[in-house]
Structures are given as structure tokens and as C-alpha cells.
Amino acid sequence: MVGTIRFPNLGITLTNVIKTFRIGKLSIACYGVVLAVAMMTGLLLVMRVARETGQKEEDYFDLGVIAILVAVICARIYYVVFSWDYYSTHIAEIFNLRKGGLAIYGGVAGGVIAVAVFCRVRKLNCLRALDTASVGLVWGQMLGRWGNFFNREAFGDYTDNLLAMQLPVSDVRASEITDVMRAHLQTIDGVEYIQVHPTFLYESLWNLGVLVILLLVTRRMAGNGSHVNPGAERPQPRKQPGAERPQTERPQAGTVFLLYLLLYGLGRFWIEGLRTDQLILFGTGLPVSQLLSGILVAASLGILLFRFWAGRRNSHAGGS
């Protein structure tokens, strides 16, 4: 029936999965609720990371409020620009976010700009702020993808893998149903279903792995003092005679943000290739988010490798 989402190979059937609900006369989209929860909890996580790394939580609360607002605006602009064929004839819908239509890379770009301006005004270390914000960002992306689940969007083409998802044809946009999906339509209890890659789920699980890695690196940076307030006195361990221990390499400020760009970009490059609702770069036929992911992966990997090489060279020079 309409409102049912099935995962046949897992034996899971979810019924009455709503897109909206009402409070009095007000209709509220589940997509918006999920995004709001993702943003608020992401901000709380950023503030906690700030506290644990010796930074001021209030700075990140102020930054978070500003960055979220700017990111949402930029995410919408990005989506509308690359969907202009539709919005050019539906101008009023540009301001309607209830049906989705936020592009993550637009939001990331807006967030980075907000961080850079905020840090300049507050005289904060921009790279350190980007490191701290990256943890909350990937958390928000991990949760936010479930908004696509409620909207029945951001899915891939036909698959019969373990995580394959079935959606009623009447619940999805006709433009996102491919010939391959139509060739594998299934009728269950009189309702036609398409069977697809749940790419929202792939990305959510991928982001969970990215989050774990970023938290581990952040903890290491906090543990060796690279993210602790420079004025704080830290006790120095007493050296034992003849017991020289090699120092481990310290991750530099900006490393967590670069790892975010690299790891998220790798996952997005793969997942974007599966989706049927890609935003296409004008006149090229190339998925813009996949192209951007490839560029960011190459750039962040290059910078990380250069930093590693420069650090090793300096380490050898200092020990000679």
C-alpha cells in the first residue's frame, strides 16, 4: 500500500511511513524535522568537541547558528542553480523546502565561508575551527540523509542486493524511475513497487565510519596538545636516564577537515554514481556532485601527502 517501504532481502516491511504530520492546522514535513534534529545535535556535538579540546563552547554556539543559516541558504542556491530547467518555470517553488532540494556541497561551501569570516572577526584559528566543525558536519549529514528516506528520494537504480529497497511507484517522482526499474516492477497486494539502491542508507552508514575516524583523530590531537589552548600549562613527563622515546608525529590543524573532505568525497563519488536524481553540470552530462567529489578527494589527498612528506623531512632534519 501507499506509505509502505520494504526491504525484501532483509525481510523488513515498514507500513504507514508518513511524509508529513499535522499539529492543529499546521502541516509539518518529516524531512524538515529530521534536518532540524540533525543540525541541532550536530551543533551540540561540536560544542562538546570544543570543550574537550580546550576551546570556548560559546564561540562554537555563535558560529554554529550563523553557519547553519548560511549553509542552508547556500545548499538551496546550489540545488536550484543546477536544477534551473525546472525552477525557471516554477519560480514560486524556489522557496519551498518542504519537498527537499538541499545540496550538501552547497551547504559545505557556505559553512566554510561562514567559518572563515567568523574566525577573522573573532580572531580564532580558522583551521582549528574547521577541524572542530567537521565532526558535527558529518554527524549532521549522517542523520540528515534519513530525511531522504521519509521523502522517498535520493535512491539509486534497480538492485537485488541485500539492502535493496522497494517503494510504491505512486510515492516517488516519475522522472526518477528509469527503464531498468520499470522492467523490474513488482506488484504486491495490488500496488506496484520499484526496487532500488537505498543510497541514502549507504551514505548514512559511510558517514558513520567517517565520523568514527574523525573522532579518533580529534582525540589524538587533543591528547598531544595540538588543539589545547596555547596558554595552558601542561605537565611534562619526567625523562628516565638513557630512555629516549621517539616522538609521534602530531596531526596539524586542518587535518581533520582534510580527512573529512577526502573520506566523505570518496563515499560520495561512489554513491553519486548510483543515484537517479543527479544534478548535471551544464552542457556536459556529468553529475556535478560526483565531479566535485573527485576534485576534493584529489586536492585533500595531495595536501595531506604533502604535509606528511614535509613533516617527515623536517623530522629527519631536526634529528640529524
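Structural notes on the pairing of strand β3 (residues 20–23)
Argument step 1. Relative to strand β4 (residues 26–29), β3 runs antiparallel, the two being bridged by four bridges. Paired with R22 across the two strands is S27, which belongs to β4.
Argument step 2. Hairpin remark: β3 followed by β4, antiparallel, with two residues in the connecting loop; positive phi at G24, about 65°.

Re the side chain of T159
Argument step 1. Turning to its location among the elements, T159 is positioned in the loop between α6 (146–151) and β5 (165–168).
Argument step 2. By relative accessible area, T159 is classed as buried at 9%.
Argument step 3. A distance of 3.2 Å separates a polar atom in the side chain of T159 from the backbone nitrogen of N161.
Argument step 4. Setting aside anything within four residues of it in sequence, one finds T159 in contact with A164, Q195, V196 and H197.

What to know about the nonpolar core
Argument step 1. Counting 42 residues, the largest nonpolar core has Y60, Y78, V135, L214 and Y260 as the members making the most contacts within it.
Argument step 2. Those elements giving two or more residues to this core turn out to be α1 (30–52), α2 (57–81), α4 (104–122), α5 (126–144), α8 (199–223), α9 (255–272) and α10 (288–319).
Argument step 3. In terms of residues, this core owes the most to one element, α9, which gives nine residues.
Argument step 4. In terms of nonpolar packing, the next biggest core, distinct from the first, is built from 14 residues, F155, M181, F200 and L201 among them.

A look at α9
Argument step 1. An ideal rise of 1.5 Å per residue puts 26 Å on 18 residues; α9 measures up with 25 Å between its terminal C-alpha atoms.
Argument step 2. Most of α9 sits out of view: 15 of its 18 residues are buried.

Some thoughts on unusual backbone geometry
Argument step 1. Of note in the backbone geometry, N16 takes a positive phi value of approximately 55° without being a glycine.
Argument step 2. For N16, the position within the fold is in the loop between β2 (12–14) and β3.
Argument step 3. With a relative accessible area of 56%, N16 lands in the exposed category.
Argument step 4. For R152, which is not a glycine, the phi torsion comes out positive at approximately 55°.
Argument step 5. Considering the arrangement of structural elements, one finds R152 in the loop between α6 and β5.

Some words on the packing of aromatic side chains
Argument step 1. Counted according to the given criterion, the structure contains 13 aromatic pairs.
Argument step 2. Between W206 and W270 the ring centres are 6.5 Å apart and the planes differ by 55°, which places this aromatic pair in the tilted class. With W206 in helix α8 and W270 in helix α9, this residue pair connects regions lying 64 residues apart in the sequence.
Argument step 3. Classification of W206 as partly exposed rests on a relative accessible area of 34%.
Argument step 4. Seen in terms of ring centroids, Y260 and Y264 are 5.6 Å apart; in terms of plane orientation they differ by 10°. Their pairing is stacked. On the criterion of helical spacing, the pair formed by Y260 and Y264 is a turn pair, its members being four residues apart in helix α9. When sorted by exposure, Y260 lands in the same class as Y264, which is buried.
Argument step 5. In this structure an aromatic cluster arises from ring pairing among Y105, F257, Y260 and Y264.

So, the confidence of the model for the chain
Argument step 1. The predicted model of the chain has a mean per-residue pLDDT of 88, with 88% of residues at 70 or higher.
Argument step 2. Taken element by element, the predicted model of the chain shows its lowest mean pLDDT in helix α3 (residues 84–87) (83) and its highest in strand β1 (residues 5–7) (97).
Argument step 3. In this model residues 230–237 is a low-confidence stretch, pLDDT under 50, and it forms three contacts with partners more than four residues away in sequence or in other chains.
Argument step 4. Confidence over residues 242–247 falls short of pLDDT 50; this stretch has zero contacts with residues more than four positions distant or in other chains.

Describing the pattern of salt bridges
Argument step 1. Within this structure, the stated rule accounts for 11 salt bridges.
Argument step 2. Here D171 ties to R152 by a salt bridge, and the two come within 3.6 Å at their closest N and O atoms. Here R152 lies in the loop between α6 and β5 and D171 lies in the loop between β5 and α7 (179–183), a separation of 19 residues in the sequence. Summarising the burial analysis for this pair, D171 and R152 share the class buried.
Argument step 3. For E176, the salt bridge is made with R173, and the minimal N-O distance between the two is 2.7 Å.
Argument step 4. Taking the relative accessible area as the measure of exposure, R173 reaches 36% and is therefore partly exposed.
Argument step 5. If you follow the salt bridges from partner to partner, you end up with R268, E272, R275 and D277 in one network.

Cut-offs applied
Residues numbered from 1 in each chain as written. Predicted model: local features only at pLDDT ≥ 70, side-chain atom pairs only at ≥ 80, totals over all residues. Heavy atoms only, no water. Pairing = 2+ DSSP bridges. Helix = DSSP H or I, 4+ residues; strand = E, 2+ residues; numbered from the N terminus. Buried < 20%, exposed > 50% of the residue type's maximum accessible area, 1.4 Å probe, protein only. Polar contact = N/O pair within 3.5 Å; in protein donor to acceptor, adjacent residues only side chain to side chain. Contact = heavy atoms within 4.5 Å. Core = buried A, V, L, I, M, F, W, Y, C linked by side-chain atoms within 4.5 Å. Expected span 1.5 Å × (residues − 1). Phe/Tyr/Trp six-rings, centres within 6.5 Å; stacked < 30°, edge-to-face > 60°. pLDDT = per-residue confidence, 0-100. Salt bridge = Lys/Arg side-chain N within 4 Å of Asp/Glu carboxyl O.

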